[in-house]
Amino acid sequence: MVTNAAMETVPARHGKALHVAAGSAVRLVNTQGNQVVDTWAFQRDDLSEYMSMAHSRSVSSRIYPALGDIFVSIRRRPMLRLVEDSSPGRHDTLLCACNAAIYEEHGCAPGHRSCQNNLHEALAALGLAISWTPAPLNLFMNIPVQPDGSILREPPLSRPGDHVLLRAEMDLVVVFSACPQDITPINGTSRTPQDVHYSILAADA
Ligand SMILES: [Zn+2]
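Values in this document were obtained by computation on a predicted structure and should not be read as measured data.

Calculation notes
- Residues numbered from 1 in each chain as written.
- Predicted model: local features only at pLDDT ≥ 70, side-chain atom pairs only at ≥ 80, totals over all residues.
- Heavy atoms only, no water.
- Helix = DSSP H or I, 4+ residues; strand = E, 2+ residues; numbered from the N terminus.
- Rg over C-alpha atoms; globule rule 2.2 N^0.38 Å.
- Buried < 20%, exposed > 50% of the residue type's maximum accessible area, 1.4 Å probe, protein only.
- Contact = heavy atoms within 4.5 Å.
- Areas by Shrake-Rupley, 256 points an atom, 1.4 Å probe, with all protein chains shown as cover.
- Lys, Arg positive; Asp, Glu negative; His and termini not counted.
- Charge placed at Lys NZ, Arg CZ, Asp CG, Glu CD.
- Donors = N, O, S within 2.8 Å, 3.2 Å for Na, K, Ca; no water.
- Pairing = 2+ DSSP bridges.
- 1 Å grid on protein atoms, 1.4 Å probe; cavity = no way out; pocket = protein on both sides within 12 Å on 5 of 7 lines; lining within 4 Å.
- Points joined across faces, edges and corners; volume = space filled by probe spheres on them.
- Nonpolar A, V, L, I, M, F, W, Y, C, P; charged D, E, K, R; others polar.
- Phe/Tyr/Trp six-rings, centres within 6.5 Å; stacked < 30°, edge-to-face > 60°.
- Lys NZ or Arg CZ within 6 Å of the ring centre and 35° of its normal.

Each helix and strand in the protein was counted, giving three helices and twelve strands. In summary, the protein has a C-alpha radius of gyration of 16 Å against a globular reference of 17 Å for 205 residues, a match within 12%. Counting only C-alpha atoms and orienting by the principal axes, one finds that the protein spans roughly 50 × 40 × 30 Å. Here the protein holds 205 residues, and 47% of them are scored as buried. A sequence separation of at least 24 residues applies to 77% of the contacts in the protein between residues at least 6 apart. When the accessible area of the protein is evaluated, it comes to approximately 9,000 Å², of which 52% is carbon and sulfur surface. Side-chain charges of the protein comprise 16 positive and 20 negative groups, with the mean position of each set lying 3 Å from the other.

Below, the structure written as structure tokens:
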């Protein structure tokens, strides 16, 4: 199956990009339980093929991903599969990554960190760059859809130590952003972003 590996940190308010080979998996732990993690995936050798929430919803016919669901690329090829989820299973596929404009709307001073900047900063750390920001998979983000079609922004339902395990279906660059949102309660009512931790579980030979 898989071999365990050392835990790495995605520091609060920051991002991390990692190579994940086909067949291996990433275990992401919501260490404090309250942290939303914006997540992207790109084909390792061609970043123009990236994980698409719109196509993934089209394939799964669901708004909230369920255990076993596959997240596909804009070419509808499998990229990641949700193979474990110890949380109550509430993850968001609808909302954009937070960016500078959102924090400006909130009245924050310029320079507030954002998931969009975290994505590009993290890719740059691997020597990579893209000119756009795909819609992310917002792990642990609790955005209930109401019967009238409106949405709420609620604190995560996840608990300390909850984890998801995402298996790579092709060679990928995966990016995590520990969302810096500290104005709304989407990272918990304390509005205090926290570190999260991950490990890559290599496929056994
Ligand atoms: Zn964010």
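Here the narrative resumes.
Turning our eyes to something else, we now look at the coordination of the zinc ion. Around the zinc ion, the protein supplies Cys98 (SG), Cys115 (SG) and Cys179 (SG) as donor atoms, at distances of 2.2 to 2.3 Å. Sequence spacing of the donor residues for the zinc ion, all on one chain, is C-x16-C-x63-C. Of this pair, Cys115 sits in helix 3 (residues 115-125) while Cys179 sits in the loop between strand 11 (172-178) and strand 12 (196-203), placing them 64 residues apart in sequence. The class of Cys115 is buried, set by a relative accessible area of 0%. The buried category is assigned to Cys179, whose relative accessible area is 3%.

Relative to strand 12, strand 2 (residues 8-10) runs antiparallel, the two sharing three bridges. Paired with Glu8 across the strands is Tyr198, a residue of strand 12. Sheet analysis places strand 4 (residues 25-30) next to strand 12, joined by five bridges and oriented antiparallel. Across the sheet, Arg27 pairs through a bridge with Ser199, a residue of strand 12.

We now examine empty space enclosed by the protein. Using the criterion set out here, one finds one cavity of 30 Å³ or more in the structure. In this model, the largest cavity occupies a volume close to 60 Å³. Met53, Ser56, Arg57, Ser60, Arg62, Ile63, Tyr64, Pro65, Asp69, Ile70, Phe71 and Thr93 together form the lining of the largest cavity. Put simply, the parts of the chain that give the lining of the largest cavity at least two residues each are helix 1 (53-60) and strand 7 (70-72). Its residues assigned to classes, the lining of the largest cavity comprises six nonpolar, three polar and three charged.

The next point concerns unusual backbone geometry. At Arg76, a position not held by glycine, the phi torsion is positive, near 60°. Structurally, Arg76 can be placed in the loop between strand 7 and strand 8 (78-85). Unlike most non-glycine residues, Arg191 shows phi in positive territory, near 50°. By the element assignment, Arg191 lies in the loop between strand 11 and strand 12. Note on Arg191: relative accessible area 34%, which makes it partly exposed.

Here the structure, examined in full by the defined rule, presents two aromatic pairs. With a centroid separation of 5.7 Å and 45° between ring planes, the pair formed by Tyr50 and Trp132 is classed as tilted. Taken together, the residues span a long stretch of sequence, with Tyr50 in strand 6 (residues 46-50) and Trp132 in the loop between helix 3 and strand 9 (137-139) at a distance of 82 residues. You can call Trp132 partly exposed: its relative accessible area is 28%. For the pair Phe176 and Tyr198, a centre-to-centre distance of 5.9 Å together with 55° between the ring planes defines the contact as tilted. Residue Phe176 is located in strand 11, and its partner Tyr198 is located in strand 12; the two are separated by 22 residues in the primary sequence. Tyr198 carries the same exposure label as Phe176, and that label is buried. Taking the ring centre of Tyr64 as reference, the NZ or CZ of Arg90 above it sits at 4.3 Å.

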